[in-house]
Amino acid sequence: MKYGQFTAVDNFDLTLPEGCVGLLGPNGAGKTTFLKTLLGFITPAAGGGTVLGMDIATQGAAIRQQIGYMPEQDCHIPGNTAVQFVSYAGELAGLPHNRALQRAHEVLEYCGLGEARYRNVETYSTGMKQRIKLAQALVHGPKLLLLDEPTNGLDPRGREEMLSLVRDISTKKGLSVLVCSHLLPDIERTCEEVIVLLGGKLQAQGPIRDLKSMTGEPLDVELRETSGEFLMRADQLGLRLLHTKGSVYRLQGEGTRLENCRSVYEAAKRSQSQVRAVRLAERSLEEAFLEVVGG
Amino acid sequence: MAETPLADLTYRGYDGELSSPHSRWMVIMLHTLRGVAKKKSYWVLTVISSLYYFLFMAIAYFVQNTLNTMEANGMPQGGRRGGGNDFISSFFDRVVWADQFLTGFSFGHLMLMAIVLLVGAGVIANDNRTNALLVYLSKPCRKIDYVFGKWMGVFIPICAAMLIPAIVFYMYGVMNYREHGFLADDPWLGPKLLIVISLAAAFQTSLIVGISSMFNQGRIAGAVYAGFYVLSGVFAGIAGIVQEGGDVPKSVMTMLDRVHYMSIYGGIEGLYKVILQTDGSGVPLADSDQTIFDRPPLVMLIGLVVIPALICMFVAWRRVRAVEVVS
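In this text the structure is predicted, and so the values were computed from the model without any measurement.

Basis of the calculations
Sequence order as written defines residue numbering, which begins from 1 separately in each chain. Chains carry letters and ligands carry numbers; both start at the beginning, A for chains and 1 for ligands, and go up in the order they are written. For a predicted model such as this one, the threshold for reporting local features is a pLDDT of at least 70, and the threshold for listing and counting side-chain atom pairs is 80 or more; totals across whole chains, interfaces and linings nevertheless cover every residue. Counting from the N terminus, the helices are the DSSP runs of H or I reaching at least four residues and the strands are the DSSP runs of E reaching at least two. Here a residue counts as buried when 20 or more other C-beta atoms sit within 10 Å of its C-beta, as exposed when there are 12 or fewer, and as partly exposed otherwise, the C-beta atoms being derived from the backbone. Here, residue contact means that the backbone-derived C-beta atoms of the two residues sit within 7 Å. Our radius of gyration is a C-alpha quantity, and the globule rule it is checked against amounts to 2.2 Å times the number of residues to the power 0.38. A pair of strands is labelled paired if DSSP reports no fewer than 2 bridges between them. Angular values range over 0 to 180 degrees, each being the angle between N-to-C directions of two axes fitted as lines to C-alpha atoms, with helices fitted over their stretch in contact. The domain boundaries here were taken from an automatic or database domain assignment. Confidence of the predictor in every single residue is expressed as pLDDT, which spans 0 to 100. By definition, a nonpolar core groups buried Ala, Val, Leu, Ile, Met, Phe, Trp, Tyr and Cys residues that connect through C-beta atoms lying within 7 Å of each other. Expected helix span is computed as 1.5 Å times (number of residues minus one). Two axes are fitted around each residue, one to the seven residues ending there and one to the seven starting there, and the angle between them is reported as the bend at that residue. Only Asp, Glu, Lys and Arg are considered charged, only Ala, Val, Leu, Ile, Met, Phe, Trp, Tyr, Cys and Pro nonpolar, and every remaining residue, Gly among them, polar. Should an angle fall under 35 degrees it is taken as roughly parallel, and over 145 as roughly antiparallel, whereas 65 to 115 is taken as roughly perpendicular and any remaining angle as oblique. Note on convention: the crossing is left-handed when the near helix lies turned anticlockwise from the far helix by less than a right angle, right-handed when the turn is clockwise.

**Q** Mind laying out the overall build of chain B, listing which residues take part and the relevant values?
**A** For chain B, the helix and strand inventory stands at 15 helices and zero strands. Split into buried and exposed, the 327 residues of chain B put 43% on the buried side. When contacts within chain B are restricted to residue pairs at least 6 apart in sequence, those whose partners lie at least 24 apart make up 80%.

**Q** Break down the overall build of chain A for me, with residues and values.
**A** Summing up its helical and strand segments, chain A has eleven helices and 14 strands in all. In terms of C-alpha radius of gyration, chain A reaches 24 Å, well past the compact-globule figure of 19 Å for 295 residues. With respect to the three principal axes, the spread of C-alpha positions in chain A is 75 × 50 × 25 Å. Every one of the 295 residues in chain A was classed for burial, and the buried ones make up 44%. Sequence separation of at least 24 residues holds for 67% of the intrachain contacts in chain A that already meet a minimum separation of 6.

**Q** Would you mind going over the sheet that holds strand E8 (residues 176-180) of chain A in detail, with residue names and values included?
**A** Residues and elements named next belong to chain A. Strands sit in the order E6-E7-E8-E3-E9-E10 across an open sheet of six strands; the sheet is mixed. On the outer flanks of this sheet lie strand E6 (67-70) and strand E10 (201-207), each paired with one strand and no other. Across the sheet, the mean angle from the axis of one strand to that of its neighbour is 15 degrees, orientation sign disregarded. One ladder, built from four bridges, connects strand E3 (residues 20-24) with E8; its direction is parallel. The partner of cysteine 20 across the bridge, within E8, is valine 177. Where helix H1 (residues 31-38) meets the sheet, its contacts fall on E3, strand E7 (144-148), E8 and strand E9 (193-198), and the angle it forms with E7 comes to roughly 150 degrees.

**Q** Account for the domain arrangement of chain A, naming residues and giving values.
**A** The domains assigned to chain A are domain 1 (2-211) and domain 2 (214-282). For domain 1 of chain A and domain 2 of chain A, the distance between their C-alpha centroids amounts to 43 Å.

**Q** Residue-level account of the pairing of strand E13 (residues 248-252) of chain A, with values.
**A** All names here are of chain A. Because side chains alternate across E13, one face comprises the buried residues Tyr249 and Leu251, and the other comprises Val248, Arg250 and Gln252, none of which is buried. Pairing of strand E11 (residues 219-223) with E13, which is carried by four bridges, proceeds in the antiparallel orientation. Each bridged residue has a counterpart across the sheet, and for aspartate 220 the counterpart in E13 is arginine 250. Pairing geometry for strand E12 (residues 240-245) and E13, over five bridges, is antiparallel. Bridging from a neighbouring strand, threonine 244 pairs with tyrosine 249 of E13. Where E12 folds back on E13, the antiparallel hairpin that results is connected by two residues, among which glycine 246 adopts a positive phi of roughly 65 degrees.

**Q** Any chance you could break down the confidence of the model for chain B for me, citing the residues and the numbers?
**A** As a note on interpretation, predicted positions should not be read in detail where pLDDT is low. All names here are of chain B. Scored by pLDDT, chain B comes out at a mean of 84, with 85% of its residues at no less than 70. Scored below 50 in pLDDT, residues 79-85 shows 17 contacts in the model against residues more than four places distant or in partner chains. Here the predicted complex scores 0.83 on pTM and 0.81 on ipTM.

**Q** Explain the nonpolar core to me, and be specific about the residues and the numbers.
**A** By size, the foremost hydrophobic cluster in this structure holds 152 residues, and its most contacted members are Val86, Val107, Ala135 and Val179 of chain A together with Ile158 and Leu271 of chain B. It is helix H9 (residues 143-176) of chain B that contributes the most residues to this core, twelve residues altogether. Valine 86 of chain A has contacts with Ala104, Val107, Leu108, Ile132, Ala135, Gln136 and Val139 of chain A, leaving out every residue within four places of it along the chain. If you look at the next biggest cluster of nonpolar residues, it comprises 13 residues, including Leu223, Phe230, Leu231 and Leu251 of chain A.

**Q** How would you explain the environment of valine 196 of chain B if you had to name every residue and give the values?
**A** All names here are of chain B. Of note, valine 196 is situated in helix H11 (residues 189-213). In sequence terms valine 196 and leucine 163 are 33 residues apart; their C-alpha atoms lie 9.7 Å from each other. Sequence-distant contacts of valine 196, defined by excluding residues within four places in its chain, comprise Leu271, Tyr272, Ile275 and Leu276.

**Q** Let's hear about H9 of chain B: which residues, and what values?
**A** Compared with an ideal rise of 1.5 Å per residue, which puts 34 residues at 50 Å, H9 of chain B spans 48 Å between its outermost C-alpha atoms and is within 8% of the ideal. At alanine 160 of chain B, H9 of chain B shows its maximal bend, which comes to roughly 30 degrees.

**Q** Explain the sheet that holds E11 of chain A to me, and be specific about the residues and the numbers.
**A** All names here are of chain A. One open sheet holds the four strands; their spatial order is E12-E13-E11-E14, and the pairing between them is antiparallel. What marks the edges here is a single partner per strand, and that holds for E12 and strand E14 (275-280). With strand direction ignored, the average angle separating the axes of adjacent strands in the sheet is 20 degrees. The pairing of E11 with E14 spans five bridges and is antiparallel. Paired with aspartate 220 across the strands is arginine 279, a residue of E14. Contacting E11, E13 and E14, helix H10 (residues 257-271) runs over the sheet at an angle of about 160 degrees to E14.

**Q** Got a sec to walk through the interface of chain B and chain A? Specific residues and values, please.
**A** Taken together, the contact pairs 35 residues of chain B with 42 residues of chain A. Elements represented by at least two residues in the side of chain B that touches chain A include exactly helix H1 (5-10), helix H2 (25-37), helix H7 (125-129) and helix H8 (132-137) of chain B. If you tally residues by element for the side of chain B that touches chain A, the top one is H8 of chain B, at four residues. When grouped by side-chain class, the residues that make up the side of chain B that touches chain A number 18 nonpolar, ten polar and seven charged.

**Q** Go over the packing of helix H3 (residues 40-49) of chain B against helix H6 (residues 97-120) of chain B, please, and point to the residues and values.
**A** Two numbers describe a pair of packed helices, the interaxial angle and the distance between the axes. All names here are of chain B. In the contact formed by H3 and H6, the axes pass within 8 Å of each other and the chain directions differ by 160 degrees. Compared by their axis directions, H3 and H6 come out roughly antiparallel. Between H3 and H6 lies a crossing of left-handed hand. For the pair H3 and H6, the contacting residues are Ser41, Tyr42, Leu45, Thr46, Ile48 and Ser49 in the first and Gly108, Met111, Leu112, Ala114, Ile115, Leu118 and Val119 in the second. Tallied by class, the residues present in the contact of H3 with H6 amount to nine nonpolar, four polar and no charged.

**Q** An account of the environment of arginine 319 of chain B is requested, with residue identities and associated values reported.
**A** Residue and element names in this part refer to chain B. When you line up the elements, arginine 319 lands in helix H15 (residues 298-319). C-alpha separation for the pair arginine 319 and asparagine 128, spaced 191 residues apart in sequence, amounts to 9.8 Å. Ignoring sequence-local partners within four residues, the contact set of arginine 319 consists of Ser213 and Met214.

**Q** With reference to specific residues and values, describe unusual backbone geometry.
**A** All names here are of chain B. Although it is not a glycine, serine 23 sits at a positive phi angle of roughly 55 degrees. The residue serine 23 is located in the loop between H1 and H2 in this model. By C-beta crowding, serine 23 is classed as exposed, having 12 other C-beta atoms within 10 Å. At glutamine 277, a position not held by glycine, the phi torsion is positive, near 55 degrees. With respect to the helices and strands, glutamine 277 occurs in the loop between helix H14 (264-276) and H15. Residue glutamine 277 is classed as partly exposed on the basis of its C-beta count, with 13 C-beta atoms lying within 10 Å.

Rendered as structure tokens:
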């Protein structure tokens, strides 16, 4: 994809899986261009692609009929109540007038705006405006939902409710969702997979679990209380200490995951320590993201 | 919220029929029309702008009744075919029917300007203010659908405000004043009216839509249009004042005739004169020494009406950019 001579997205080969996928990347990474392309606004300078089986170069309008887009910025039809706005959005997407009105009521109820549906949208709070953007994206029953910064400007409670809603849509309503956000906890909370873009190139793609997993499969061992004796015994059994946080020790051994677990319990037995938990260690998504983008 | 059992039952996927992504402009047009129809001020202004027609119909009715009474009492009377000198008997002699539509427009043109502002000033400007393009263009709606839908949503109310009173007057004339030459004077008056009113409405629609697209506030777009309408009218009005002053060489008079049409109002007046093929005799009740400007040449009219309209539509087209939707 090019803007004049500038290549915004280059050598990009990607298949979006079903479910909830997060789109990550620093500013200028090509996320916006990627969304524009999915919406059919930009034709690739070379190559091509399909969305829901439709060609992005020639079937932009048909694609947008099957996609719901929730923009980052506030947007609404001036002078309309929520019902009028959402039902109009449905009509624009191709719903018959009566069906659009019915769907508008349903969707507004689902998005938590049932009580305020007859109010002019211009009087809405920031949180309500976020919800109505989601409602207008959902009204025509899209197969794919593009959410651009869905928690933008929300207070903690509003953010929590919005994330629950997104999660509910992707897990219980059978919609595929692509969430574009700078807030990694939001992505972690809602998505199973992530796509990381950097400099217009696909940097990483896969399940969040895989992205966060660490090489060598270290273990996080939580003891009842800190114990130097335990660490000494563990070291004797070939477990190397990587990191300590309170009474939680990150240990890595040379053996298999099962052999390392056995060594942990052996060290605890020898040092008379009480093990509260043993789990496979993983990075935070932020750490994984920074590593991928070279931060 | 989604967690409550009641709410959870409300949302379902939609597998029903979706209309083809083509002709989305009709949805936009209908939505704009619904908004206009709800405005009481639109209807009030439409009635006020058509007062001349009703006034004329009342006077013509009075004159006709008086003539009928005179005939019944065996009093001498003139009338269109018989000739006559007094006001009543010569009233229909002095009436040029096509001119009444031009006068009707001139009489209510400020009200029509208010209708144009009411209907069109915010049509794109308000969408710019609320980022509504994000909604429109993320749906299966192309740029042409948006611009044309908005244009039609403004054109139809303006056209209706001009056309409905004219049609009522025309039908009234056909039914009552055929013997006074209503149809005989110009059998093509009806189709010509349709053409001139459509063109006048299209001209005003194109201007207001173009201006509206340049701003983020409807009231600012409206102020710009109104300012342009009034200032260009004042500029053109100077021509009339100079002409009325008299003692002007013929070449200057010709130039003043041209200047008179260099305004929004003048352009529409020129359309009426060219299409209805009249120079405008004014109100039959008024003194006959009023200034009458010659019909403008067709080429000049095209320059004054078509080019500004095209420029404004080009501006609107450029301002609506789908690629900017995701920013």
